[in-house]
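Geometric and topological summary
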Amino acid sequence: MNPVRLVLGAGAGIGETVARRFAQEGYHACLCRRSDAAGLDELVGAIERDGGSATGFLLNAIEAGAIEDRVAAIEAEIGPIEVVVYNLGAQIGDRGLKETSAKAFETGWRMGTFGLFRLASAVCPQMEERGKGTILVTSSTAAMMMRMQSAPQARASTTW
């Protein structure tokens, strides 16, 4: 069994770049994204054409058990997960507090924060048993980037 690098949020950008690098380094890259099966298949194909090893999975991190079941299946069928990159973005848009519904906030929380908790709960016992493992969090979903106003007032004024 090959050591595995698992990337949740393997879309274009950080997820794709990290997955390609893992495969170049000789690891099996397991790639998960919520949608765009054709794009996922293309990424897996590109990694394989470059001589790497990869498998792609559609995964909705909000679904109960989806993360946990995928981790268990990868461990059983592909190999030990040594590194996980949690790169999920809630993609609820750039909106102010007044325009953010409780449902939109909860969706962002389920993806950006609760999903990470569920992932850690699923993968850490195996990592601990093996005496090694890494979880990298690259998403900024649980935070809010402030849009700064013009010069002198920039530090004191933000738009929420």
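Figured I'd write up the structure that's included with this text. (Residues numbered from 1 in each chain as written. Predicted model: local features only at pLDDT ≥ 70, side-chain atom pairs only at ≥ 80, totals over all residues. Heavy atoms only, no water.)

Now for the overall build of the protein. Of the regular secondary structure elements, the protein holds 4 helices and 7 strands. The long-range fraction of contacts in the protein, counting pairs at least 24 apart against all pairs at least 6 apart in sequence, stands at 66%. Within the structure as shown, the protein displays about 9200 Å² of accessible surface, and the carbon and sulfur contribution to it stands at 54%. (Helix = DSSP H or I, 4+ residues; strand = E, 2+ residues; numbered from the N terminus. Contact = heavy atoms within 4.5 Å. Areas by Shrake-Rupley, 256 points an atom, 1.4 Å probe, with all protein chains shown as cover.)

Turning next to the state of the cysteines. Enumeration according to the criterion identifies 0 disulfides in this entry. For Cys-30, which is in no disulfide, the shortest distance to another cysteine sulfur is to Cys-32 and amounts to 7.0 Å. (Disulfide = S-S within 2.5 Å.)

Bringing the sheet that holds strand S4 (residues 81–86) into the picture now. Pairing is parallel in the open sheet, where 5 strands are placed in the order S3-S2-S1-S4-S5. Two strands close off the open sheet at either side, each with one partner strand: strand S3 (53–58) and strand S5 (134–137). Taking each pair of neighbouring strands and ignoring which way they run, the sheet shows an average axis angle of 15°. One ladder, built from 6 bridges, connects strand S2 (residues 28–33) with S3; its direction is parallel. In the strand pairing of S3, His-28 is matched with Ser-53. Packing against the sheet, helix H1 (residues 14–24) makes contact with strand S1 (4–8), S2, S3 and S4, and its axis sits at approximately 175° to S1. Sheet strands in contact with helix H3 (residues 66–77) are S1, S2, S3 and S4, and its direction is about 160° off that of S1. (Pairing = 2+ DSSP bridges. Axes fitted to C-alpha atoms, helices over the stretch in contact; angles between N-to-C directions.)

Turning to the pattern of salt bridges, a few remarks are in order. The final tally for this structure, using the stated rule, is 10 salt bridges. With a closest N to O distance of 2.9 Å, Glu-82 and Arg-5 form a salt bridge. Residue Glu-82 is found in strand S4, and its partner Arg-5 is found in strand S1; the two are separated by 77 residues along the sequence. In terms of burial, Glu-82 and Arg-5 fall into one category: buried. Residues Arg-20 and Asp-50 are paired through a salt bridge, measuring 3.6 Å at the closest nitrogen-oxygen approach. Here Arg-20 is found in helix H1, whereas its partner Asp-50 is found in the loop between helix H2 (37–49) and S3, with 30 residues between them in sequence. Judged by relative accessible area, which is 27%, Arg-20 ranks as partly exposed. (Salt bridge = Lys/Arg side-chain N within 4 Å of Asp/Glu carboxyl O. Buried < 20%, exposed > 50% of the residue type's maximum accessible area, 1.4 Å probe, protein only.)

The residue Arg-118 is located in helix H4 (residues 102–130) in this model. If we ignore the near neighbours within four places in the chain, the residues touching Arg-118 are Ala-61, Ile-62, Glu-63, Ala-64, Gly-65, Ala-66, Ile-67 and Glu-68.

The subject of this paragraph is the packing of aromatic side chains. Across all of its chains, the model carries 2 aromatic pairs by this definition. A centroid spacing of 5.1 Å and a plane angle of 10° characterise the contact between Trp-109 and Phe-114, whose relative ring orientation is stacked. On the basis of relative accessible area, Trp-109 is assigned to the partly exposed category, the value being 36%. Measuring from ring centre to ring centre gives 6.0 Å for Phe-114 and Phe-117, while their planes differ by 15°; the resulting arrangement is stacked. You can see Phe-114 and its partner Phe-117 sitting in helix H4, 3 residues apart, about one turn around the helix. Assessed through its relative accessible area of 27%, Phe-114 is described here as partly exposed. Chaining the aromatic ring pairs together yields one cluster made of Trp-109, Phe-114 and Phe-117. (Phe/Tyr/Trp six-rings, centres within 6.5 Å; stacked < 30°, edge-to-face > 60°.)

Here we come to the packing of H3 against H4. Across the interface, H3 lies against H4 with an axial gap of 8 Å and an inter-helix angle of 25°. Comparing their axes, H4 and H3 come out roughly parallel. Between H3 and H4 the crossing geometry is right-handed. Here H3 contributes Ala-66, Ile-67, Glu-68, Val-71 and Glu-75 to the contact with H4, which in turn contributes Gly-115, Arg-118, Leu-119, Ala-122, Val-123, Gln-126 and Arg-130. Taken together, the residues of the contact of H3 with H4 break down into 6 nonpolar, 2 polar and 4 charged. (Parallel < 35°, antiparallel > 145°, perpendicular 65-115°, else oblique. Left-handed = near helix turned anticlockwise from the far one by under 90°. Nonpolar A, V, L, I, M, F, W, Y, C, P; charged D, E, K, R; others polar.)

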